Amino acid sequence: MTALRLSDGIIKDEILVIGLSYKKSLKDSKATLVIESGDIALDTKKLLQSLADLGATGKCDEVIKIPGLTTRLLVFTGLGKNKTTQDDEILRRAAGAAARSLAGSTGATFSLPAKKISTLEAIAQGVALGGYTFNKFRVDSMKERQLSLKSATIHSNLANKAEAKDAIKRAAVIGEYTNLVRDLINTPPSHLTPDSFCKEFTALVKKAGGATAGLKVSVMTESQLKSKGYGGITAVGQGSANPPRLLQISYTPVKAKAKKSYAFVGKGITFDTGGLALKPAVGMEAMKSDMSGAAAVCAATLAIALMKLPVAIDAYAPLAENMISDNATRPSDIITMFGGKTIEVLNPDCEGRLVLGDALVKAQENKKLDGIIDVATLTGAQVVALGTRTSAIMTNNQDFSDHFFSVSKSVGEAFWPMPLPVELRASLDSPVADMANTGERMGGMMVAGLFLNEFIAPELPWLHLDIAGPAYNEGDPYGYTPVGGTGIALRSLVALAQSAAIS
Ligand code: BES
Ligand code: MN
Ligand code: ZN
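Residues numbered from 1 in each chain as written. Chains lettered and ligands numbered in written order. Predicted model: local features only at pLDDT ≥ 70, side-chain atom pairs only at ≥ 80, totals over all residues. Heavy atoms only, no water.

### Some words on the overall build of the chain
- Each helix and strand counted, the chain has 13 helices and 21 strands in total.
- The C-alpha atoms of the chain give 24 Å as radius of gyration, which agrees with the globular expectation for 503 residues (23 Å, within 12%).
- If you line up the chain on its principal axes, its C-alpha atoms span 75 × 50 × 50 Å.
- Per-residue burial over the chain gives 57% buried out of 503 residues.
- Taking as baseline every contact in the chain between residues at least 6 positions apart, the subset at least 24 positions apart corresponds to 75%.
- Accessible surface computed for the chain: about 21,200 Å², of which carbon and sulfur atoms make up 54%.
- Counting 54 positive and 49 negative side-chain charges, the chain places the averaged centre of each group 8 Å from the other. (Helix = DSSP H or I, 4+ residues; strand = E, 2+ residues; numbered from the N terminus. Rg over C-alpha atoms; globule rule 2.2 N^0.38 Å. Buried < 20%, exposed > 50% of the residue type's maximum accessible area, 1.4 Å probe, protein only. Contact = heavy atoms within 4.5 Å. Areas by Shrake-Rupley, 256 points an atom, 1.4 Å probe, with all protein chains shown as cover. Lys, Arg positive; Asp, Glu negative; His and termini not counted. Charge placed at Lys NZ, Arg CZ, Asp CG, Glu CD.)

Below, the structure written as structure tokens:
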């Protein structure tokens, strides 16, 4: 990952990144460019002329490079329409777009307008996230590829403040663990199985300090899951040569008392073929991302531990590969979930809710929780409803949802509340079992939410986050978001823990 440093002194890097915005008055429709170089004073007159010659607009995601005056290269990153105070997310994206365009370079200084520590933190995060590359499986083609920008200096007059140093450290943690989530999503099912996912996190927990950091990890194997009655996880995993697992990572603060206790549950389908309801070949490759929720909750827990936040977290990742075979679950099969509910599996492609149901029940066992959150690439209907950049929040507790919404907004992750209309619940009734795994097609995202709701104690505040669209970027990269795994939800989960720490 791009190494992050702070400085308020002379620029040592050969590359300087600064901001470019535009102003538009009501009278004339012509836009005027504005150079925003943070705490570095520049003679902008000539530069503005050159930028105009080059056709610069200052719009978001525009990155323009010109030979520098005192540095070898001057990079302008678009900040969009000029405002008196810039939105942190605009700067996170602008820093990210510039860092992405600087792959292959050794070092760059970023001087962008940051009046607050939170903005400085957002810029540092943007650099760490935008610098991401995934080249693990390239051999021959590696010759034409560039490695991530090696190091970045965030230039600011705030550099000497202790808060700034802490902010950079936090940004490095967010960068490292978001990039880990992306790596796991981008790793194909040939190289990421339920078992290897567990092994990877067992090693990561150790690397993060293990018991000394308050972390504990445990793994349930297929035979343990079978004998303990985890019928959802085993039914989904039984068609695969790569057997299912239930991974649990717990974090208990070491010196401080936990101010809140949360359970996180993430959907961990390492590949979703649809099972006997086989998905069409076109686009199926994207289903390597069906473990995005699991990766996000596990990595967020490690990040929370490394930040030593005074909250207790129990993260669960029910892991399975949804395959077809003579042993795969058939439409009409009836399974018994952990806790005893029976489910008629009408559609083996509705597998996420089955693994989540088991894990949600387990997560509520002998534990006084302040809230439970599941994160899942659950439905194609989510993408239809909200598109590829906005995730859904469903809940049984309006206050918890409102709080999460504001926290996610503050870290630049787009979520939007969706209802759980009671009238849709009846569509999940089964003529032969307690419930069917699929119901009314219209409003399928909410039907899935209503299914999960059946596994939640009514008094326990619960959020269901459907990240089906935003988890995996099949389009062009933008801002700090690369192609492939995005790492969505991690920042919000960490921010929720941070908000509990200060409450
Ligand atoms: N993993 C998919 C949902 C998904 C779709 C995630 C597109 C990301 C992008 C899920 O397991 C699934 O297959 N859902 C079905 C449910 C349907 C059969 C009721 C879907 O959405 O088509
Ligand atoms: Mn599916
Ligand atoms: Zn799925």
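### Some points on the site of ligand 1
- Taken together, 15 residues lie around ligand 1, and Asp272, Lys279, Asp349, Glu351 and Gly380 are the ones closest in.
- For ligand 1, a nitrogen atom lies 3.4 Å from a polar atom in the backbone of Thr377.
- Protein coverage of the free-state accessible area of ligand 1, which is 520 Å², stands at 74%.
- Structurally, ligand 1 is housed in the largest pocket.
- Looking at side-chain class alone, the shell around ligand 1 contains four nonpolar, five polar and six charged residues. (Near = heavy atom within 4 Å. Polar contact = N/O pair within 3.5 Å; in protein donor to acceptor, adjacent residues only side chain to side chain. 1 Å grid on protein atoms, 1.4 Å probe; cavity = no way out; pocket = protein on both sides within 12 Å on 5 of 7 lines; lining within 4 Å. Sits in = over half its atoms within 2 Å of the grid points. Nonpolar A, V, L, I, M, F, W, Y, C, P; charged D, E, K, R; others polar.)

### What to know about the nonpolar core
- If you look at the biggest cluster of nonpolar residues, it comprises 64 residues, and the most contacted ones within it are Phe197 and Phe201.
- Those residues in contact with Phe201 that lie beyond four places of it in its chain are Leu180, Leu184, Leu247, Ile249, Ala295, Cys298, Ala299 and Leu302.
- The next biggest cluster of nonpolar side chains, apart from the first, holds 46 residues, and it includes Leu225, Ile343, Met418 and Leu450. (Core = buried A, V, L, I, M, F, W, Y, C linked by side-chain atoms within 4.5 Å.)

### Examining helix α8 (residues 292–306)
- If you check α8, its first and last C-alpha atoms are 21 Å apart, about what 15 residues at 1.5 Å a residue would give, namely 21 Å.
- Within two residues after α8, Lys308 carries a phi angle of roughly 55°, on the positive side. (Expected span 1.5 Å × (residues − 1).)

Taken by themselves, the reported measurements are silent on function.
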